[in-house]
Amino acid sequence: MSKIIASAAIRGAHKIVERAEKKYEEALKKWGPNQEVGFPNTAYYLPVIYAMLGIPVQKISEMKPVLDRCRILLPPLVKEKVALPYLAPALDAGMATFFAEEIIESIRYLEAPNFYTKQEDPLPENIWLGAADDVIFRKRGVEFVDGTAPGFAAIVGAAPSPEVAKKIAIELQEKNLYIFMAAENEGKRFSQQLVEAGVQIGWPTRLVSFGPDITAAVFAMGFACRVAMAFGGIKPGDFRKILIYNKDRTFAFVMPLGFVTDEWYANAAGAINWGFPVIADTPIPQVLPTGICTYEHVVSNIPHDQIVQKAVEVRGLKVTVAKVPIPVAYGPAFEGERIRGEDIYLECGGGRTTAVELVTTKDMGEVEDGKIEVIGPDIKDVKAPAKLPLAILAEVAGRQMQEDFEPILERQIHHLINYAQGIMHIGQRDIAWVRVGKAAVEKGFTLRHLGDILHAKFHQDFGAIFDKVQVKIFTEDEKVKNVLEKAREAYHRRDARIEGMTDETEETFYSCTLCQSFAPTHVCIITPERTGLCGAYNWLDGKASFEINPTGPNQPVPKSEVIDPMLGQWKGVNDFVFKASRQKLEKYNAYSIMTDPMTSCGCFECIAAVLPMCNGIMTVNRDFPGMTPCGMKFTTLAGSVGGGSVTPGFVGHSKHYICSKKFIMAVGGIKRLVWMPKMLKEEIMDRLQKLSKEIGIPNFPEMIADETIGTTEGEILPFLTEKNHPALTMPSLF
Ligand code: SF4
């Protein structure tokens, strides 16, 4: 610990303990040893002393042993030339400070019974609330346990102005925190500033003006101790458990605003015992190594517009957003809703415009939680029926966040947006498709709300893996293209991580049942060589997703006995599919298009179909709008084959799977591919060329027909014959 901080904290503790001793002597003289003392209407006596020492102080005489303990705890003042380890003595000094402050404050109740108001709300003539009685404590303390209040900010001092105070308070309230206020800075107090700024303070608004002096900060610590004893069931005197309970369960921190006096340092050192870090606006020395607190102990010189974010980060507070703040109804019931023709106000993606989604990790300092930006025209700027390009970029940061988690968050965008009434979302990655209905726009829905949805739901569902998220929504062509480029690099990076792994080397595959909300019998089995149909989940993503959410849609599936290595059928997979498809499917084959192929949901990136005349197969990607040689466009194919059904001759798959060695291996693999759209061929060209060399036909990409050659079997057959396509000489598919 910093020598400067430790010296000041120990000096401050000495001053406060001396003040308590003086008060005690005066009180003893005035009222005698048997005079009752304590905070009003509580069964927890002086709660910090009771919690830490197990001593129920009820009479003046019972303060003496506590003061003796203070003297034992108080380390000698730090001498200039002596270098000592400072952390432990400073923490002891902090503990002695709180014992002494409870004695000072309890004697204040004797000396001035009306110093603190007895109300839950402050009175205009007296805003100081003092210690919470048990009625208030029960009502408010339970919120610290049921999650409605994650913790508190103990603010000492004052902001530079009432406006800044109001802004800080609102930001803290938005995080559902209580704000406990004490002490003054240059004659100003945070609670008085709030009143001046027209803010309603009191327990009901979670803005608790404990008292005007620094000693009132002890009421915050007493509150935390009572929560641990009352709701955590920890016995008084079991100080270790009480401190750990608070470190792990009460997300509290100290926020000194203004010049940090010795007494403030002493209180801050005390709070660190509870695992409550200090986030200051002045340039006091920092204590950055972790140890007692979850992360840093003291972080300083933080600008006022960043101080709440910083505090949330340093304390490791998980933000919870109780309600998705959008003007339309929200919930799974709206997931399957379709927005058609006349009802469309705005459409993005789906082949009409570019639409792309990307979740990317940033440094903590680069992300402002909850910041939503719409860059380009929003709904109010366009007239129905409108079309806009769209890029949704969610930037996340967190101490637990890993790059591996990005695709898992990204894949949630589909159903999270779909939950909004009047908004339709299909696809993912760079084949997203969003429709905003006229009814939603009438209710006030704008593109900004897409960001609000992601902010709220990411926190609600995935708060354990990240701390902050900001969302940028681009609707200008150039900017969308920039995001698209970055997104494609990220998709390639993610897909490349899986290269080299094979289905034979892994004993466990992963399931995905995320699409069961609209395709109830659909089950993706994700293997190292076969990504999920949507392309958004590979085997590593399935594994990471299971780690994040062990009861979620991605479960480990042990392969168990191999039933047919060519078809890609395993006993363990069959058993899983039987259960997960609600007994609708007894088996399926991972590498087949003809015999019991995998189910297809509705958000596959591509769909493959058999072309009987060519003795081969074609595949078409979602973003190709034209006709294909099987006589159907992608949309018609998706309509007839999707929904969780098994349709021999057709199978949904990802783009990445096309260049896998296991691609329809049961019928001869990639050599069967006779037609695909030009855009798709170009997109996968690098991997296609590599695979072509591996199968000994380096010019294979040139043998595959596309729409420039023809869109019927009759049109492409002469081309295939001329190119000597291998499919023509392979065993008949039927
Ligand atoms: S297509 Fe498959 S992998 Fe993708 S979200 Fe749906 S079930 Fe999961």
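Placed above this text is the structure.
Nothing here was measured: the structure is a model prediction, and the numbers come from that model.

Asks: Just give me the short version of the overall build of the protein chain, but keep the residues and values in it.
Replies: Helix and strand counts for the protein chain come out as 23 helices and 23 strands. The dimensions of the protein chain, computed from C-alpha atoms along their principal axes, are 110 × 55 × 50 Å. Across the protein chain, contacts joining residues at least 24 apart in sequence account for 74% of those joining residues at least 6 apart. Total accessible area computed for the protein chain in this model is approximately 28,700 Å², and 53% of it derives from carbon and sulfur atoms. Each charge class in the protein chain can be summarised by its mean position, and for the 81 positive and 89 negative side chains these summaries are 2 Å apart.

Asks: I'd like to hear about the packing of helix 4 (residues 87-111) against helix 11 (residues 262-273), residue by residue, with values.
Replies: The relative placement of two packed helices is expressed as an angle between their axes plus a distance between the axes. Relative to each other, helix 4 and helix 11 sit at 105 degrees, their axes nearing to 7 Å. Here helix 4 is positioned roughly perpendicular relative to helix 11, judged by the angle of their axes. Residues Ala90, Leu91, Gly94, Met95, Thr97, Phe98 and Glu101 of helix 4 pack against Ala266, Asn267, Ala269, Gly270, Ala271, Ile272 and Asn273 of helix 11.

Asks: Run through the nonpolar core, naming residues and quoting values.
Replies: Of all hydrophobic cores here, the largest spans 122 residues; its most connected members are Met52, Phe152, Ile155, Phe180, Phe190, Trp203 and Trp274. No other element matches the twelve residues that helix 4 contributes to this core. Once you skip the residues sitting within four places of it in the chain, Phe152 turns out to touch Phe144, Leu177, Tyr178, Phe180, Ala220, Ala224, Thr250, Phe251, Ala252, Phe253 and Phe276. Counting 117 residues, the second-largest nonpolar core is a separate cluster that includes Leu346, Val382, Cys524 and Ala608.

Asks: Now, about the pattern of salt bridges: what can you tell me, with residues and values included?
Replies: Summed over the entire model, instances satisfying the criterion amount to 41 salt bridges. Residue Glu529 pairs with Lys662 through a salt bridge whose shortest N-O separation is 2.5 Å. Note that Glu529 is positioned in the loop between strand 16 (524-526) and helix 17 (539-548) and Lys662 in the loop between strand 22 (650-653) and strand 23 (673-675), a separation of 133 residues in sequence. We note that Glu529, like Lys662, is buried.

Asks: Kindly report on the sheet that holds strand 20 (residues 606-611), identifying the contributing residues and their values.
Replies: The four strands are arranged 22-20-21-23 in an open sheet whose pairing can be described as mixed. The open sheet has two free edges, formed respectively by strand 22 and strand 23, since each of these has just one partner strand. Averaged over all pairs of adjacent strands, the angle between their axes in this sheet comes to 35 degrees, without regard to strand direction. Direction of pairing for strand 21 (residues 616-621) relative to strand 23: parallel, over a ladder of two bridges. Bridge pairing in strand 23 links Met618 to Trp675.

Asks: Can you explain the environment of Lys79? Please cite residues and give values.
Replies: Among the secondary structure elements, Lys79 is positioned in the loop between helix 3 (63-73) and helix 4. Along the sequence, Lys79 and Ser7 sit 72 residues apart, while their C-alpha atoms lie 8.3 Å from each other.

Asks: So what's going on with unusual backbone geometry? Which residues, and what values?
Replies: Put simply, Ala384 and Pro385 share a cis peptide bond, and its omega is -10 degrees. Here Pro385 shows up in the loop between strand 9 (372-375) and strand 10 (386-387). Positive phi values are uncommon outside glycine, yet Tyr45 reaches one of about 50 degrees. Tracing the backbone shows Tyr45 in the loop between helix 1 (3-31) and helix 2 (47-53).

Asks: Tell me what's going on with the site of the ligand, and back it up with residues and numbers.
Replies: Around the ligand, the neighbouring residues are Arg411, Cys512, Leu514, Cys515, His522, Cys524, Gly532, Leu533, Cys534, Tyr537, Cys601 and Cys603. Of the residues contributing to the shell around the ligand, the split by class is nine nonpolar, two polar and one charged.

Asks: How would you explain the pairing of strand 14 (residues 468-474) if you had to name every residue and give the values?
Replies: Taken across its seven residues, strand 14 has seven buried, putting it largely inside the fold. Here strand 14 shows no split at all, with Lys468, Gln470, Lys472 and Phe474 on one side and Val469, Val471 and Ile473 on the other all buried. Relative to strand 14, strand 9 runs parallel, the two being bridged by four bridges. Its bridge partner being in strand 14, Glu373 is matched across the sheet by Lys472. For strand 11 (residues 390-397) and strand 14, the ladder comprises seven bridges, and the chain directions are antiparallel. Bridging from a neighbouring strand, Ala394 pairs with Val471 of strand 14.

Asks: Lay out helix 15 (residues 448-462) in plain terms, naming residues and giving numbers.
Replies: Count 3.6 residues to each turn of an α-helix, and residues three or four apart come out pointing the same way. With 15 residues, helix 15 extends 21 Å from end C-alpha to end C-alpha; this agrees with the ideal 21 Å at 1.5 Å per step. Restricting attention to buried positions, one finds in helix 15 the residues His449, Leu450, Gly451, Asp452, Ile453, Leu454, His455, Ala456, Lys457, Phe458, His459 and Phe462. Tucked into the core, helix 15 has its buried residues touching strand 8 (355-361), strand 9, strand 11, helix 13 (406-418), strand 14 and helix 17.

Asks: So what's going on with the sheet that holds strand 15 (residues 508-512)? Residues and values would help.
Replies: What the three strands build is an open sheet, ordered 16-15-17; its pairing is antiparallel. Strands at the two margins of the open sheet, each flanked by one partner only, are strand 16 and strand 17 (556-558). Taken pair by pair, the neighbouring strands of this sheet meet at an average axis angle of 40 degrees, ignoring direction. Bridging between strand 15 and strand 16 involves three bridges; their strand directions are antiparallel. When the sheet's bridge partners are listed, Ser511 is paired in strand 16 with Ile525. Here helix 17 sits on the sheet and contacts strand 15, strand 16 and strand 17; the angle it forms with strand 15, its principal contact strand, is near 75 degrees. Along the sheet face, helix 18 (residues 571-580) touches strand 15, strand 16 and strand 17 and points at about 130 degrees away from the line of strand 17.

Asks: Requested: an account of the pairing of strand 8, with residues and values cited.
Replies: With five of seven residues buried, strand 8 lies mostly within the body of the structure. Where strand 8 lies against strand 11, seven bridges are found, and the strand directions are parallel. Across the sheet, the residue bridging to Glu357 is Ile392, located in strand 11.

The rules behind these values
Residues numbered from 1 in each chain as written. Predicted model: local features only at pLDDT ≥ 70, side-chain atom pairs only at ≥ 80, totals over all residues. Heavy atoms only, no water. Helix = DSSP H or I, 4+ residues; strand = E, 2+ residues; numbered from the N terminus. Contact = heavy atoms within 4.5 Å. Areas by Shrake-Rupley, 256 points an atom, 1.4 Å probe, with all protein chains shown as cover. Lys, Arg positive; Asp, Glu negative; His and termini not counted. Charge placed at Lys NZ, Arg CZ, Asp CG, Glu CD. Axes fitted to C-alpha atoms, helices over the stretch in contact; angles between N-to-C directions. Parallel < 35°, antiparallel > 145°, perpendicular 65-115°, else oblique. Core = buried A, V, L, I, M, F, W, Y, C linked by side-chain atoms within 4.5 Å. Buried < 20%, exposed > 50% of the residue type's maximum accessible area, 1.4 Å probe, protein only. Salt bridge = Lys/Arg side-chain N within 4 Å of Asp/Glu carboxyl O. Pairing = 2+ DSSP bridges. Near = heavy atom within 4 Å. Nonpolar A, V, L, I, M, F, W, Y, C, P; charged D, E, K, R; others polar. Expected span 1.5 Å × (residues − 1).

Purely geometric stuff here, so don't read any function into it on its own.
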